[in-house]
Amino acid sequence: MTFAWSYFSSPATFYRLAGALAPWWFATAVILGIAGLYMGFVVAPTDAQQGEVYRIIFIHVPASWMSMFIYFVMACYGGVSLTFNTRLAAMMARALAPTGAMFTFVALWTGAFWGRPTWGTYWVWDARITSELVLLFLYVGFIALANAFEDPRRGDRASALLALIGLVNLPIIYFSVLWWNTLHQGSTVKFSGTSMHVAMLWAMLLMALSFWAYAIGMALVRVRAIILERERRTHWVRALAT
Amino acid sequence: MDHTFYLAMSYAATAVALVVEIVALRLRRARALAAIEEERDLETQD
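This section reports on the structure supplied with the text. Source: prediction; values computed, not measured.

1. Quick look at the overall build of chain A
The secondary structure content of chain A amounts to nine helices and two strands. Along chain A, from the amino end to the carboxyl end, the secondary structure elements read α-α-α-α-α-α-α-β-β-α-α. For chain A, whose C-alpha radius of gyration is 20 Å, the value lies close to the compact-globule estimate of 18 Å for 242 residues. In chain A, which comprises 242 residues, the share counted as buried stands at 49%. In chain A, 76% of the contacts between residues at least 6 apart in sequence involve partners at least 24 apart. For chain A, the accessible area works out to roughly 11,800 Å², and carbon and sulfur atoms hold 70% of it.

This is the structure:
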């Protein structure tokens, strides 16, 4: 077990493993995405109150879930990197941040374009939306801090610490609709069940799984680029670039 | 009421965000490989 752990945490080994796995994750993302869009636009019925505009839910909710989930995983990698001083964990944290930021942006953008026809405004300083905006700032801060040092290991430590501190924002985002009186609606999908039409629910879940597979594929490809940047003076990387 | 604009802007922006991320990553990888080759060429000259 210890052997496997140290074997796969070697950048040289993980570089090849990530290269082999990434295409499968992208293929999964495409298949699930097509299935999700088919369910969302062909099978799922028109909403009785909101009409067609509710179909923004099929990207807004999965993007919001991914924005929080990726941050959590990124902070875990940061914690592992700080605790065990592992290079690969720090690289994975860096690799996840841009995709997490992209999903946070998509969640905010699609939320604005859903809010305008349903609430009458693109933006309101409501607890859920504001805490999601704070999440975007945390991602941007993480990326900026990680790249602010000449020595990348110092950047790894500083950004990992920021990621761990920022974890406090996740329960604030999730429970904001319960803790405060917000314009944003409460959770539609709960562990106890949902009131959504089954086709709508399936479309949303398929899109969430598609985004999840995409995020893994992107993280694997990005960590390969980071390994190339950081290990460029090693013999095995130089041999790759021939 | 026709809400096509809001629906289209949401999906189009998501598609653009995905494409931008993929292109940026491809450029980053190309830059990393170019930097490796450049360093190797400099060493060969030395």
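Having seen it, we continue.
2. Some points on the pattern of salt bridges
Residues and elements named next belong to chain A. Tallying each qualifying case throughout the model produces nine salt bridges over all chains. D156 is the salt-bridge partner of R94, the closest N and O atoms lying 2.7 Å from each other. On the criterion of sequence distance, the pair formed by R94 in helix 4 (residues 87-119) and D156 in helix 6 (residues 152-166) is long-range, its members being 62 residues apart. For D156, a relative accessible area of 2% puts it in the buried group. Here the residues in one salt-bridge network are R94, R153, D156 and R230, joined through shared partners.

3. Details of the side chain of A:R55
If you trace the backbone, A:R55 turns up in the loop between helix 2 (11-43) and helix 3 (57-84). Relative accessible area serves as the criterion here: at 4%, A:R55 is assigned to the buried category. Separated by 3.4 Å, the side chains of A:R55 and A:Y54 make a polar contact. Setting aside residues no more than four positions away along its own chain, A:R55 makes contact with A:G40, A:F41, A:A44, A:P45, A:T46, B:L7 and B:Y11.

4. Quick word on the nonpolar core
Ranked by internal contacts, the top residues of the largest apolar core, which has 77 residues, are A:I57, A:F58, A:Y71, A:M74, A:F103, A:Y139 and A:V223. Residue assignment for this core shows that the elements contributing at least two residues are helix 2, helix 3, helix 4, helix 5 (127-146), helix 7 (169-179), helix 8 (198-230) and helix 9 (235-240) of chain A together with helix 1 (4-45) of chain B. The dominant element in this core, judged by the number of residues it contributes, is helix 8 of chain A, at 19 residues. Apart from the residues lying within four places of it in its own chain, the contact partners of A:F103 are A:A63, A:M66, A:S67, A:I70, A:F211, A:Y214 and A:A215.

5. Description of the packing of helix 4 of chain A against helix 1 of chain B
The contact between helix 4 of chain A and helix 1 of chain B brings their axes to 9 Å, and the two run at 170°. Here helix 4 of chain A is positioned roughly antiparallel relative to helix 1 of chain B, judged by the angle of their axes. Across from A:P98, A:T99, A:M102, A:V106, A:W109, A:T110, A:F113, A:R116 and A:P117 in helix 4 of chain A, the residues of helix 1 of chain B making contact are B:F5, B:Y6, B:M9, B:S10, B:A13, B:T14, B:A17, B:L18 and B:E21. Partitioning the contact of helix 4 of chain A with helix 1 of chain B into residue classes produces twelve nonpolar, four polar and two charged.

6. What about the interface of chain B and chain A?
Contacts between chain B and chain A engage 23 residues on the former and 35 residues on the latter. Between chain B and chain A, a total of about 2,800 Å² is buried, with carbon and sulfur atoms accounting for 67% of that surface. Connecting chain B to chain A are four salt bridges. Of the charged contacts, one joins B:E39 and A:R233 as a salt bridge, the two residues approaching to 3.3 Å between their closest N and O atoms. Split into classes, the residues belonging to the side of chain B that touches chain A amount to 13 nonpolar, three polar and seven charged.

7. Considering a nonpolar patch on the surface
Residue and element names in this part refer to chain A. On the surface, L37, Y38, F41, V42 and V43 cluster together into a nonpolar patch covering about 450 Å² of accessible area. Structurally, V42 is set in helix 2. When its relative accessible area of 54% is taken as the criterion, V42 is described as exposed.

8. Observations concerning the layout of surface pockets
All names here are of chain A. Roughly 1,000 Å³ of volume is contained in the largest pocket. Forming the walls of the largest pocket are 37 residues, and the residues nearest its centre are V61, S64, W65, M68 and R128. Mapped by element, the contributors of at least two residues to the lining of the largest pocket are helix 3, helix 4, helix 5, helix 7, strand 1 (189-190) and helix 8. In terms of residue class, the lining of the largest pocket is built from 23 nonpolar, eleven polar and three charged.

Criteria and thresholds
Note that residues are indexed from 1 along each chain, following the sequence as it is written. As a convention, the first chain written is A and the first ligand written is 1, with the rest following in written order. In keeping with the predicted nature of the model, local features appear solely for residues at pLDDT of at least 70, side-chain atom pairs appear and are counted solely at 80 or more, and the whole-chain, interface and lining totals rest on all residues. Water and hydrogen atoms were dropped before computing side-chain values, which therefore reflect all heavy atoms in the structure. Here a helix means four or more residues in a row that DSSP labels H or I, a strand means two or more in a row labelled E, and each is numbered from the N terminus. Taken over C-alpha atoms, the radius of gyration is set against a globule rule of 2.2 Å times the number of residues to the power 0.38. Type-normalised accessible area, obtained with a 1.4 Å probe on protein chains alone, sets the label of each residue: buried when under 20%, exposed when over 50%, and partly exposed for intermediate values. The contact definition used throughout considers only heavy atoms, calling two residues in contact when any of these lie within 4.5 Å. Per-residue and other accessible areas follow the Shrake-Rupley method at a 1.4 Å probe size, with only the shown protein chains counted as cover for residues. Just to be clear on terms, a salt bridge is a Lys or Arg side-chain nitrogen sitting within 4 Å of an Asp or Glu carboxyl oxygen. Polar contact is the term for a pair of N or O atoms within 3.5 Å; when the atoms are in protein, one must be able to donate a hydrogen and the other to accept it, and sequence-neighboring residues count only if both atoms are side-chain atoms. Definition of nonpolar core: a set of buried residues of the types Ala, Val, Leu, Ile, Met, Phe, Trp, Tyr and Cys, connected through side-chain atoms within 4.5 Å. Helix axes are fitted to C-alpha atoms over the stretch in contact, other axes to C-alpha atoms as well, and angles between N-to-C directions run from 0 to 180 degrees. Should an angle fall under 35 degrees it is taken as roughly parallel, and over 145 as roughly antiparallel, whereas 65 to 115 is taken as roughly perpendicular and any remaining angle as oblique. Here the term charged refers only to Asp, Glu, Lys and Arg, the term nonpolar to Ala, Val, Leu, Ile, Met, Phe, Trp, Tyr, Cys and Pro, and the term polar to all other amino acids, Gly among them. When two parts are put together, the accessible area they lose, computed with a 1.4 Å probe and summed over both, is reported as buried area. Within the patch definition used here, like charges are joined within 9 Å and nonpolar side chains (Val, Leu, Ile, Met, Phe, Trp, Tyr) within 5 Å, considering only residues with over 30% relative accessible area and no salt bridge. Buriedness of a pocket was judged along seven lines, with at least five required to meet protein on both sides within 12 Å; pockets are open sets of points on a 1 Å grid over the protein atoms alone, cavities are sets where a 1.4 Å probe fits but cannot get out, and lining residues have an atom within 4 Å of a point. Grid points are joined across faces, edges and corners, and a volume is the space filled by probe spheres set on the points.

Worth remembering: the numbers are spatial, not functional.
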